[in-house]
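Architecture and fold: a report
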Amino acid sequence: MVHVLSSRTLLRPTDPERSRAFYGEKLGLPVYREFGTGPERGTVYFLGGGFLEVAGRSEEPPSPAVKLWLQVADVTAAYEELVAAGVEVSRPPVKEPWGLIEMWLMDPDGTEIVVVEVPADHPLRYRP
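Residues numbered from 1 in each chain as written. Predicted model: local features only at pLDDT ≥ 70, side-chain atom pairs only at ≥ 80, totals over all residues. Heavy atoms only, no water.

Time to look at the pattern of salt bridges. As enumerated under the stated definition, the model contains 8 salt bridges in all. Linking Glu53 and Arg12 is a salt bridge whose minimum nitrogen-to-oxygen distance equals 4.0 Å. On the criterion of sequence distance, the pair formed by Glu53 in strand E4 (residues 50–54) and Arg12 in the loop between strand E1 (9–11) and helix H1 (16–26) is long-range, its members being 41 residues apart. Given the relative accessible area of 9%, Glu53 is considered buried. Residue Lys67 is joined to Glu112 by a salt bridge in which the shortest nitrogen-to-oxygen separation is 2.8 Å. Of this pair, Lys67 sits in strand E5 (residues 67–71) while Glu112 sits in strand E8 (residues 112–117), placing them 45 residues apart in sequence. Looking at Glu112, the relative accessible area reads 26%, which means it is partly exposed. A single salt-bridge network, built from bridges that share partners, covers Arg8, Arg12 and Glu53. (Salt bridge = Lys/Arg side-chain N within 4 Å of Asp/Glu carboxyl O. Helix = DSSP H or I, 4+ residues; strand = E, 2+ residues; numbered from the N terminus. Buried < 20%, exposed > 50% of the residue type's maximum accessible area, 1.4 Å probe, protein only.)

In the case of a regular strand, side chains alternate between the two sheet surfaces. Most of E4 is tucked away, with 5 of its 5 residues classed as buried. The side-chain alternation of E4 yields two buried faces, one formed by Gly50, Leu52 and Val54 and the other by Phe51 and Glu53. Bridging between E1 and E4 involves 3 bridges; their strand directions are parallel. Considered in E4, the bridge of Leu10 is made with Glu53. Connecting strand E3 (residues 42–47) to the antiparallel partner E4 that follows it, the hairpin turn spans 2 residues, and Gly48 within it adopts a positive phi of roughly 65 degrees. (Pairing = 2+ DSSP bridges.)

As a further point, take the packing of aromatic side chains. Centre distance and the angle of the planes are the two values used to describe a pair of aromatic rings. What the rule picks out here adds up to 5 aromatic pairs. Considering the side-chain rings of Phe22 and Tyr23, the 5.1 Å spacing of their centres and the 85 degrees angle between planes classify their relative orientation as edge-to-face. A ring pair is formed by Tyr23 and Tyr45, whose centres lie 6.4 Å apart and whose planes are at 35 degrees; its orientation type is tilted. Taken together, the positions of Tyr23 in helix H1 and Tyr45 in strand E3 put the pair 22 residues apart, joining distant regions of the chain. Of the two residues, Tyr23 and Tyr45, both sit in the buried class. An aromatic cluster is present here, built from Phe22, Tyr23 and Tyr45 joined pairwise through their rings. A cation sits over an aromatic face here: Arg8 above Phe51, 5.8 Å from the ring centre. (Phe/Tyr/Trp six-rings, centres within 6.5 Å; stacked < 30°, edge-to-face > 60°. Lys NZ or Arg CZ within 6 Å of the ring centre and 35° of its normal.)

Put into C-alpha cells, the structure is as follows:
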C-alpha cells in the first residue's frame, strides 16, 4: 500500500505570472513555499488540507477535465470578497439539489473552480 504523506495538484499555466497574480492576489491563497527563479518559478499555495502548485509553463491550457474544489466556511462572504477583488464569477452562490451551496469561477487559463459551502446539516458533516 502507498503511504501518502502529502499531496498537491500541479498546474502548468500558459502564463505563470498571470496565474500567480490570480491565485495569490485575487483569490488570496496563502503561499506554502516558493522555489526556483525567473518567470517559470514555482509557487505552492495552501488549499486547506491540500496544496496547489503553480509552476513551469505549458503551451496549452490544462484539460477542461481538470477542476478545483475549494470548501469555505461562508460562500456568500467569499463571493463578496472575490467580486471586490475583481474576480469574474461565472455563477454566484446557489444551493444545489444535493444540498451544497456552490459558486463557480475560472482561473486565467479557463480551469473551473467550484467554491463550496457545506451546510451544518448536510450529510458530509452530519451522520444520523
